[in-house]
Amino acid sequence: MTPYVEKELFVDRGYPPKISVTIINKLYIRVTWKREGPWSNVRDFTVDFRGTGERPTSRHCTGLIIPCSSDVCSFDSNERCPSFGVCHDVGVVIRGNGYSSREFKVRTDAYTPASVSVESKDATLNVTWRGPSAKDEDCYAGSVLTISTPWTEYSAAFTEILNQYQHSHNLTGCDVGNVTASLRSFDLMGNSETVTNSTEYLGESAFPVISDLKIVSERRSLFVAWDLIENCTEVTYLLTWTPPDAGGEITVSSTFANITGLSPYQEYLVTVQPLEGKRNLGAPRSEKVSTEYEDYPEVNVTVINKLHIRVTWKREGPWSAVSDFIVDFRSIGERPTSQPCTGLIIPCSRDFCSFDSNERCPGFGVCRDVGIVIKGNEYSTDELRVRTDAYTPASVSVESNGGTLNISWRGPANKDGDCYAGSVLTISTPWTEYSGAFTEILNQYQHSHNLTGCDVGNVTASLRSFDLMGNSDTVTNSTDYLGENAYPVIDDLKVTLERRSAFVTWDLIGNCTKVTSYLLAWTPPDAGGEITVLSTFANITGLSPCQEYSLAVQPLKETDNLGAPRNEEILTGYEVPQAPTNVTVLAMERKSDSLHVTWTQPSPPGPLCPITINYISWSRADTGGSAGEEEIAAGSSYTITGLDPCTQYSITVRAGNEEGYGDQYGENIGNTFAKPPQAPSNIRVLMVENVSDHLDVTWTQPAPPGPLCPITNNTIRWTLAETGDAVGHEEIIASTAYSISGLEAYTTYMVHVGSKTDGGFGQEVTANNTTDQDIPGSAIITSLDVITPSSLLVKWLPPPRPNGVITRYKIEWRYGNQVNSTDLNYNETHYKITDLTACVFHEITIMAETIKGFGDRSNRNTTMAVAPEAPDDVVAVMVPNISDQLKVTWTQPKPDGKCTIISNKVMWIWQNYGESEVNETIISNTSNYTIRGLKPYTNYTVCVAVKTEGGYGPSRECSSAVTEEDVPGPPIVTDIEPSLDSIQLLWEHPIEPRGELLFYNLSWMNTADISDSGNEKLPANQTSYTITGLQSNSQYNISLMAKTSAGWGTVMAETHETMKTHNHHS
């Protein structure tokens, strides 16, 4: 067998591309497909490997982009995917050019062992292999192991799923040489795979080549037979037997031999040695056996005292000289004794020996199996089997309690019954005998028997019990019965009743000759009586019907009662009742299928004969015959349902009891109410050609719901099919046609027609149709969009009232005396008109057409005004020495068509504290402008747009420029720290520097002493300075200003004091 067989799936459905899916390397998949059909031009495919089926792989590999330009494409999953696992289901899908293949399902290979290990140790061949590691067994189904040797072959199946398998096989001398183990393994899908291994066996410790050695022993001979294991050819056998003084040997070629000339009652060791030539082949097979005695001692076994055993035997044969015997009482059989008694040494020197087990052993139990073996002079008897007696009751208890005889006895104590099979109880009285069998196994038995006046005297109970072996035992007991509370001597009292009489019979129990007559009495007193008869039957007459009586039969001995009477409750026969009276039949409003019937119930025929049911039947007056019947519980009214509407019925009512129905009452007539009819049928709604606001309707009237309900009217209503909205309604005298007018053209209407009787309108029938087409309404022009200076996009909606199927549109456009038009398909809703002139008045017209012609025009005008292009050469420049102005110049664009430039818009953008700000101005048609009021030393982006009749055009080219510098604003002092002789000053740069800062100028002057002053020119990046050498407790005017290229800016001026000195006193 090859190591692996590929599994392949092919699909060919004509138009779909051909795809094949193959398992490779056990756990991977090869996919091949043709670039054909929807894939003929695809060069990049997407392949998905998904989990699917009963054993889905957990290792999905999807979204693989596989390039392929050859006619046949192929991809192996092991190139880019992990293995899908052992025995797992994978779904493969290929996609390309919007076409996706169906999912191809394939299962990876199941687990099969990869190798088998073979080892020969002494004469044992050990074969091992690994099973599946996964708990779900990876679809492994088991293996068949075949072991081949030079002379035999052996096979064994292994279906249990294990992680590790081990098998051992015994080798014989015939197995010397190469021994091969072949393991064929199967998976659940029916595939198989075989692995082999072998080893050399040199013959060490070989097992015997023979088996099943059997020896049949006689008094002076042994018949020996054996089997050769399989077919080990060219084998002979050496048989030897010992002891040496009575032993010998023979060589045979068969697998049996008869050894004769042996001594009786002698033990021999018989050995069979296979030979290959003269050399021993494997180990011998040996067995010990003894020849039989010529004479056997006589042994007898008897059960005594139910639970013990007596054994007797003769001192003869092998026991002729024995004086001490060993006796064993063993547990054997289906019911082994629980008290065996073995190893008893019994001395005996007489010709006959005897031993009773109760001398030295406890009882063996009830119904227990005991095996007896006697041994002496190394001769042992065969086991003699005996069963102790089964349980039978030892006594029966009899007691007379009033008129009841109570009998009891004990059952077996054990639940298994101790082989007790049951008992037969026989009760004997002076005049009868009664027997009963009891087979159920109980711990205690109880039986009661009723005694009559004829049983007075001695009463005996005899209990005969049986065991499962067929043995029986009987115990008896008796008592005297004096006749107290005697039961009746008669039974099976039977009464045959008529309406006004009763025939009574009874049986005498047994043959009680003491009975001379019978007294029959019946009550109640107002209708009772009594008679005396000699026979066991009587006929009682003159009774009332439907009357309950209590009947008693009393046996008499002369004039005295003999035992208790036998009583019976009887009921005389029933009579049917009279007919009901006052029967009325009423129709039920709004229930056209019902009639309500009432009546007066007749009196019962007797006190125990109540009226229990009524029978109502009805028939149609016009057709005759039964239309229905119903049996109901006794009452005085009933509603008949399920009748035909508008119909006359005849109704009869009868009363009934257990005896049957009474007479009928005369017929009564009633009419059911009218009912609405069914819906009409065969409705047809017809279009009226060239009359677009009409529909003709025809229908077939339904049959009237009853003979008294003719069709009187019809209702016609019509609704819009699309929305269900009601449109019109008309009620007419009963007819089969109607013409609807005033409808909308080419509109589908649902037409509903119903019929009416005196019971009202019935269900409607519905049909639909569409009115004829007409010329359409106006289309709706939704927009006129100028696309280019010479083209216009016209958009429209179909007419809200198309009045038919739009077949085409006509669009016209005119300016001046020129008129142009074109026809368009019915599904067009826009059109681009070209070769137009900008800024010229145009009139646009749209018309829709049906098969009935063009509809109304839809007009809309446009001036084709278009915005101009952006101006070119936009340049913004600084105005020298003027810090709040920029001068902008540009080249005006050429307007399209007959458009003219109306104005210009100049916009400038700048940053103010991180935020963009925009300003603009509108100016007349020009090509330059000076922007004023700007911030000094600020970068501005300037854009220009041009306006024509079509509005402002774009401003694509913008220019940036910085305004001229100006003198800066004042610095901002943030902190002043004075001391006795100094003042430290901290500041921030001006909020509006208005240019590049060059220097700071700091000056100070004592307000009381102008000679105490100074100034300092500081670099632009310095923001603090300490003025020193000042007088304490003095005020100073301090000024600070910044400088740009435009000059010194605004001064920051403040007055501050130095600190005062403090006088210290000691």
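Residues numbered from 1 in each chain as written. Predicted model: local features only at pLDDT ≥ 70, side-chain atom pairs only at ≥ 80, totals over all residues. Heavy atoms only, no water.

Asks: What is the right way to read the overall build of the chain from this model?
Replies: The helix and strand inventory of the chain stands at 0 helices and 86 strands. The C-alpha atoms of the chain give a radius of gyration of 66 Å, which is well past the 31 Å a tight globule of 1066 residues would have. Counting only C-alpha atoms and orienting by the principal axes, one finds that the chain spans roughly 170 × 120 × 110 Å. In the chain, buried positions account for 42% of the 1066 residues. A separation of at least 24 residues holds for 60% of the contacts in the chain among residues at least 6 apart in sequence. Surface accessibility of the chain: about 55200 Å² in total, with carbon and sulfur atoms responsible for 46%. Across the chain, the centroid of the 77 positively charged side chains sits 5 Å from that of the 128 negatively charged ones. (Helix = DSSP H or I, 4+ residues; strand = E, 2+ residues; numbered from the N terminus. Rg over C-alpha atoms; globule rule 2.2 N^0.38 Å. Buried < 20%, exposed > 50% of the residue type's maximum accessible area, 1.4 Å probe, protein only. Contact = heavy atoms within 4.5 Å. Areas by Shrake-Rupley, 256 points an atom, 1.4 Å probe, with all protein chains shown as cover. Lys, Arg positive; Asp, Glu negative; His and termini not counted. Charge placed at Lys NZ, Arg CZ, Asp CG, Glu CD.)

Asks: Looking at this structure, how should I read the state of the cysteines?
Replies: In protein chemistry, a disulfide is the covalent bond that joins the sulfur atoms of two cysteines. Counted by the stated rule, this structure contains 10 disulfides. Through a disulfide, C87 is tied to C139; the S-S separation comes to 1.7 Å. The chirality of the disulfide connecting C87 with C139 is left-handed, given an S-S dihedral of about -70°. Placement of the pair is C87 in the loop between β6 (72-76) and β7 (89-96) and C139 in the loop between β11 (124-130) and β12 (140-148), with a sequence separation of 52 residues. Comparing C87 with C139, the two get one shared label, buried. Put simply, C348 and C353 are joined by a disulfide, and their sulfur atoms are 2.0 Å apart. (Disulfide = S-S within 2.5 Å.)

Asks: It is not clear to me how the sheet that holds strand β71 (residues 872-878) should be interpreted in this structure. Could you clarify?
Replies: The strand order across the open sheet formed by 3 strands is β71-β72-β75, and the pairing between neighbours is antiparallel. The strands lining the two open edges of the sheet, one partner per strand, are β71 and β75 (928-931). Taken pair by pair, the neighbouring strands of this sheet meet at an average axis angle of 15°, ignoring direction. Strand direction decides the pairing type here: β71 and strand β72 (residues 886-891), joined by 5 bridges, are antiparallel. Across the sheet, the residue bridging to V877 is K887, located in β72. (Pairing = 2+ DSSP bridges. Axes fitted to C-alpha atoms, helices over the stretch in contact; angles between N-to-C directions.)

Asks: It is not clear to me how the environment of L262 should be interpreted in this structure. Could you clarify?
Replies: Turning to its location among the elements, L262 is positioned in the loop between β21 (256-259) and β22 (267-276). Overall, L262 belongs to the buried group, its relative accessible area being 3%. Each C-alpha atom, one on L262 and one on R219, is 7.8 Å from the other, the two residues being 43 residues apart in sequence.

Asks: Looking at this structure, I do not really get a nonpolar patch on the surface. What am I missing?
Replies: Among the surface-exposed residues, V216, F223 and F256 lie close enough to one another that they form a single nonpolar patch of about 280 Å² accessible area. Note that F256 resides in strand β21. Among the residues examined, F256 registers a relative accessible area of 46% and is labelled partly exposed. (Patch = residues over 30% accessible without salt bridge, like charges linked within 9 Å, V, L, I, M, F, W, Y side chains within 5 Å. Salt bridge = Lys/Arg side-chain N within 4 Å of Asp/Glu carboxyl O.)

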